[in-house]
Amino acid sequence: MATACGGSSTPTATETTTGAAATGIACPAPGSTGGSSAAPTSGGGAVPPSTGSTETPLKLGSLLPTTGSLSYLGPPEIAGVNLGVKEVNDAGGVLGKPIEVVHRDSGDTKTDIATQSTTALLGQGVSAIIGAASSGVSKTVINQITGAGVLQFSPANTSPDFTTWDDKGLYWRTAPSDVLQGKVLGNYMATCGAQTVGMIVLNDAYGTGLAKNIKAAFESAGGKVVAEELFNEGDTQFSSQVDKVIAAKPDAIALITFDQAKSIVPLISGKGVNPNQLFMVDGNTSDYSKDFQPGTMLGAHGTFPGTFANEAFTKKLLEVDPALKDFTYGGESYDAVNLIALASEAAGSTSGPEIAKQLKAVSESGEKCNDFASCVTLLREGKDIDYDGQSGPITFSDAGDPTEAYIGIYEYTADNKLKPVQSEFGKL
């Protein structure tokens, strides 16, 4: 991903605060960094053969970003998919046959790449498409996918709009709605002592939806949003938005963006704003160690859905892709593969609609398990299962949303990398 900051916007040691209030944000001391990101349970014996069979092996497509403003999310998501596919096939596959995955780029909303990729995947006869990462991109293809009778399963869509989408029961996701992330971040800013907040918001389904929920939570906690500036995908100049937010002198600034943060953060820092006044979201909570001068992000905060990935799981992802810098949505992508494969086995079918009918059942009210081998063993023994994955307990609603999830809260260190602070559990 190309660096988007440059030249005169880089902060210097001689600049002083010119706008945002120096309120001395003081967030709570680190709490629980736990969650349900469990270690694999398999390895206790041979997986019994499938009691079903299929003439059509399960074929998955992935629609994940390798270009565009979310391209940094692609590597961990693709690694999660590939790890899931490998483990399913190592356990003998689904209904007696190995599964296959075909990867295609989703791009972003500035291009028509997602539509072209979706057309190509549907033409190859996939039963399910894992993606897109962006809610805005998913909105451009959801009707195309579900209208073809194919299951769409996103590991990263968080827009609340999908909860009520007319998707024929074929849209599912492992990332919780932004109702939960917004609630956690809004409350966290208040807990850190902020009484006023300014927001810079991407004007799309993801950005405005998340901003709405952050604002509602923050105001419910007694705070006030004093500035809310929008920008559009494809914009490259953000000085106007930054100037207007800083002029409002907020205690905290929430950046609801994708990789545009690489341009926005230096503009804010260049005004002398203390980085601990910055609060990021899942679209931009990333490793900036190679993008900014040391200390630029020190004390800034970020959130994204999911528990903190445990060492055993991250080691497996690194074996799939040794170049990974972070693991955002890797667990959700891995879980998507496992849930689709388990639902296919439970349905005795590789048809998208038949798989969809079993997704809720394999996520709740049964014997707990957290990888394909252990779960499919239970299924083949005639038992009900409750898949708890790397991203959390999941437990789907009828609308295909996780009804319970964790939101991870992070803080930036002096080298502009993330350290976990605490994991907030919530139900929807």
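Thresholds, definitions, all that
By convention here, each chain's residues receive numbers from 1 onward along its written sequence. It should be noted that, the model being predicted, local features are given only for residues of pLDDT at least 70 and side-chain atom pairs only at 80 or more, the latter also being counted only at that level, while totals for whole chains, interfaces and linings use all residues. Note: side-chain values were computed over all heavy atoms of the structure, leaving out hydrogens and water. Helix numbers and strand numbers start at the N terminus; a helix is a DSSP run of H or I with at least 4 residues, a strand a run of E with at least 2. Between the first and last residue of a helix there are one fewer steps than residues, each counted as 1.5 Å, and that sum is the expected span. When a residue's accessible area, from a 1.4 Å probe over protein chains only, is under 20% of the maximum for its type it is buried; when over 50% it is exposed; and in between it is partly exposed. Any pair of residues with heavy atoms lying within 4.5 Å of one another is described as a contacting pair. As used in this record, nonpolar core signifies buried Ala, Val, Leu, Ile, Met, Phe, Trp, Tyr and Cys residues forming a set joined through side-chain atoms within 4.5 Å. The criterion for a disulfide is a pair of cysteine sulfur atoms lying within 2.5 Å. A pair of strands is labelled paired if DSSP reports no fewer than 2 bridges between them. Think of it like this: strands point away, you trace from the first strand over the helix to the second, and a clockwise trace means the crossover is right-handed.

Visitor: Looking at this model, I keep getting lost on helix H5 (residues 205–220). Mind explaining?
Guide: Every α-helix winds through 3.6 residues per turn, so residues three or four apart in the chain are directed the same way. For H5, which comprises 16 residues, the first-to-last C-alpha distance of 23 Å matches the rise-based estimate of 22 Å (1.5 Å per residue) to within 8%. Within H5, burial applies to Ala 205, Tyr 206, Gly 207, Gly 209, Leu 210, Ala 211, Asn 213, Ile 214, Ala 217 and Phe 218. In this fold, the buried residues of H5 make contact with helix H3 (135–147), helix H4 (178–191), strand E6 (196–202), strand E7 (224–231) and strand E8 (252–256). Immediately beyond the C-terminal end of H5, within one or two residues, lies Gly 222, with a positive phi of roughly 100°.

Visitor: What's the story with the nonpolar core in this structure? I'm lost.
Guide: A general tendency of soluble globular proteins is for nonpolar side chains to be buried together. Residues Met 199, Ile 256 and Ile 268 are the most contacted members of the largest nonpolar core, which totals 56 residues. Once you skip the residues sitting within four places of it in the chain, Met 199 turns out to touch Ala 211, Ile 214, Lys 215, Val 225, Ala 227, Glu 228, Glu 229, Val 245, Ala 254 and Ile 256.

Visitor: How do you make sense of the state of the cysteines when you look at a structure like this?
Guide: A covalent bond bridging the sulfur atoms of two cysteines is what the word disulfide describes. Summed over all chains, the structure comprises 2 disulfides. Each disulfide pairs two cysteine sulfurs, and for Cys 27 the partner residue is Cys 192, the sulfurs being separated by 1.9 Å. Since a negative S-S torsion denotes a left-handed disulfide, the Cys 27-Cys 192 link at about 110° is right-handed. In this pair, Cys 27 is assigned in the segment before strand E1 (59–64) and Cys 192 in the loop between H4 and E6, connecting sequence segments 165 residues apart. A residue is classified by how much of its surface remains accessible, and Cys 192, at 2% relative accessible area, is buried. With a sulfur-sulfur separation of 2.1 Å, Cys 369 is cross-linked through a disulfide to Cys 375.

Visitor: Sorry, what's going on with the pairing of strand E2 (residues 100–105) here?
Guide: Put simply, side chains in a regular strand alternate between the two faces of the sheet. Sheet analysis places E1 next to E2, joined by 6 bridges and oriented parallel. Across the sheet, Leu 63 pairs through a bridge with Arg 104, a residue of E2. The parallel pair E1 and E2, bridged by helix H1 (residues 74–90), forms a crossover whose chirality is right-handed.

Visitor: What is the right way to read the environment of Gly 223 from this model?
Guide: Its place among the elements puts Gly 223 in the loop between H5 and E7. Under the relative-accessibility criterion, Gly 223 is labelled buried at 13%. Along the sequence, Gly 223 and Ala 194 sit 29 residues apart, while their C-alpha atoms lie 7.3 Å from each other. With near-sequence residues (within four places) excluded, Gly 223 lies in contact with Gln 195 and Phe 218.

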